[in-house]
Amino acid sequence: MHTIADKKLLMLKPSDIISTGSTPRQFFNVDELTLLSRSISATGIIHPLAVRKAPHGKYRLITGERRLRAAKMAGLRRIPCILHNVDDESAEIYALAENIQHSDLTVFEEARFLYSLIFERGVSESELSLRLGITQSAISSKLKLLRLDALTQEKVIKYNLTETHARLLLRLDESLRSSLADTIYSEGLSEAKTEALIREILNFKRRKPEVREEKKKAPEPPPVTPKTAIGDIRLFENSLVKLTQTLASSGINSDFKTTETSKYLEYRIKIEKASFDNEKYNQLKIC
């Protein structure tokens, strides 16, 4: 056991190191682990793991999950570790800080761990900003990445797209994000070209199609129903009856008859010539 700037260097058995499973890094590439295990077999672990005390003589891992897995694959009997006297919250922040400094995390692993510290541990964004050395606005931007659906997140990682690419995809509807991630990868679009393409897509969606106003047609007259026609015929018939009555009141004899066939209604008015002279005819007014 050695003392290095108030921290103790320990050579621990792999079985004495407890991996919590809550480390920031969640994705481990098998091929990369295999290469790292070969390197460790040849040269050993250059950068010690960070641990803290756990019950029953065990040690809980703070950072170095990938190195621990590779060391076990390489069959190491002892692993160099630095002992830190920290609580749970400080241990998690320390783990995140080291992974950020070494760029070991995907943008989504980093965002998920920040979310856990803020909303589950209750660590303020200002404190994280101070201890991680990043601005609060950067923390907020990273948290927003979690709004991307799982498929789009998977493609951002698979295609090795940047954090800026991921943030740009957030500007689109969820239905378009995954397919655009494919386009960015297949066409090798830079961040600037991706932004220009997304701006073009958004502008196209904002354009409203021109609606041509159709000329208003004059309303067609209502069709003449049989009921209306019958009413008009009765009015006409009443007028004829009134005419014969007017003739009679003037001393002119007349006869009015109606004949109905399958196709026609026939009206006949007979006026007796001898019943009036020219003078009476000229004076006759039909109202």
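Presented here is a report on the structure given in the accompanying data block. Quantities reported herein were computed from a predicted structural model and do not represent experimental measurements. (Residues numbered from 1 in each chain as written. Predicted model: local features only at pLDDT ≥ 70, side-chain atom pairs only at ≥ 80, totals over all residues. Heavy atoms only, no water.)

Right, let's talk about the environment of Arg-60 for a bit. Mapped onto the secondary structure, Arg-60 falls in strand 5 (residues 59-63). The exposure class assigned to Arg-60 is partly exposed, which follows from its relative accessible area of 25%. If near-sequence neighbours (up to four positions away) are discounted, Arg-60 is found in contact with Ile-18, Thr-20, Ala-50, Val-51, Arg-52, Ala-54 and Pro-55. (Helix = DSSP H or I, 4+ residues; strand = E, 2+ residues; numbered from the N terminus. Buried < 20%, exposed > 50% of the residue type's maximum accessible area, 1.4 Å probe, protein only. Contact = heavy atoms within 4.5 Å.)

Right, let's talk about the packing of aromatic side chains for a bit. Scanning the entire structure with this criterion turns up 2 aromatic pairs. Here the aromatic rings of Tyr-115 and Phe-119 are separated by 4.6 Å at their centres, their planes lie at 35°, and the arrangement is tilted. In this pair, Tyr-115 and Phe-119 both sit in helix 4 (residues 107-120), 4 residues apart, roughly one turn of the helix. On the basis of relative accessible area, Tyr-115 is assigned to the partly exposed category, the value being 39%. Owing to a relative accessible area of 52%, Phe-119 belongs among the exposed residues under this scheme. Consider the rings of Tyr-159 and Tyr-185, whose centres lie 4.2 Å apart with planes at 10°: the pair is stacked. Of this pair, Tyr-159 sits in the loop between helix 7 (150-158) and helix 8 (163-169) while Tyr-185 sits in helix 9 (residues 174-187), and the two are 26 residues apart along the sequence. In this structure Tyr-159 comes out as buried when scored by relative accessible area, which is 15%. (Phe/Tyr/Trp six-rings, centres within 6.5 Å; stacked < 30°, edge-to-face > 60°.)

A few words now on helix 4. Across its 14 residues, helix 4 extends 19 Å between first and last C-alpha, which sits within 8% of the 20 Å expected from 1.5 Å per residue. In terms of residue burial, helix 4 counts as a mostly covered element, since 10 of its 14 residues are buried. All of the buried residues along helix 4 are Val-107, Phe-108, Glu-109, Glu-110, Ala-111, Phe-113, Leu-114, Ser-116, Leu-117 and Ile-118. Backbone geometry just after helix 4 places Gly-122 at a positive phi near 80°. (Expected span 1.5 Å × (residues − 1).)

With respect to the secondary-structure elements, Ser-37 resides in helix 1 (residues 30-43). Ser-37 sits in the buried class, given a relative accessible area of 8%. With residues near it in sequence (within four places) discarded, Ser-37 still touches Ala-70, Met-73 and Ala-74.

Located in the positive-phi region is His-56, a residue other than glycine, with phi close to 60°. Note on placement: His-56 falls in the loop between strand 4 (49-53) and strand 5. Of note in the backbone geometry, Asn-160 takes a positive phi value of approximately 60° without being a glycine. Tracing the backbone through its elements, the reader meets Asn-160 in the loop between helix 7 and helix 8.

Let us look at helix 9. For helix 9, built from 14 residues, the straight-helix expectation of 20 Å at 1.5 Å per residue is met to within 8% by its first-to-last C-alpha distance of 21 Å. Where helix 9 is concerned, the buried positions are Arg-177, Ser-178, Leu-180, Ala-181 and Ile-184. Buried residues along helix 9 sit against helix 7, helix 8 and helix 10 (191-206). A positive backbone phi angle near 60° is found at Gly-188, which sits one or two residues after helix 9.

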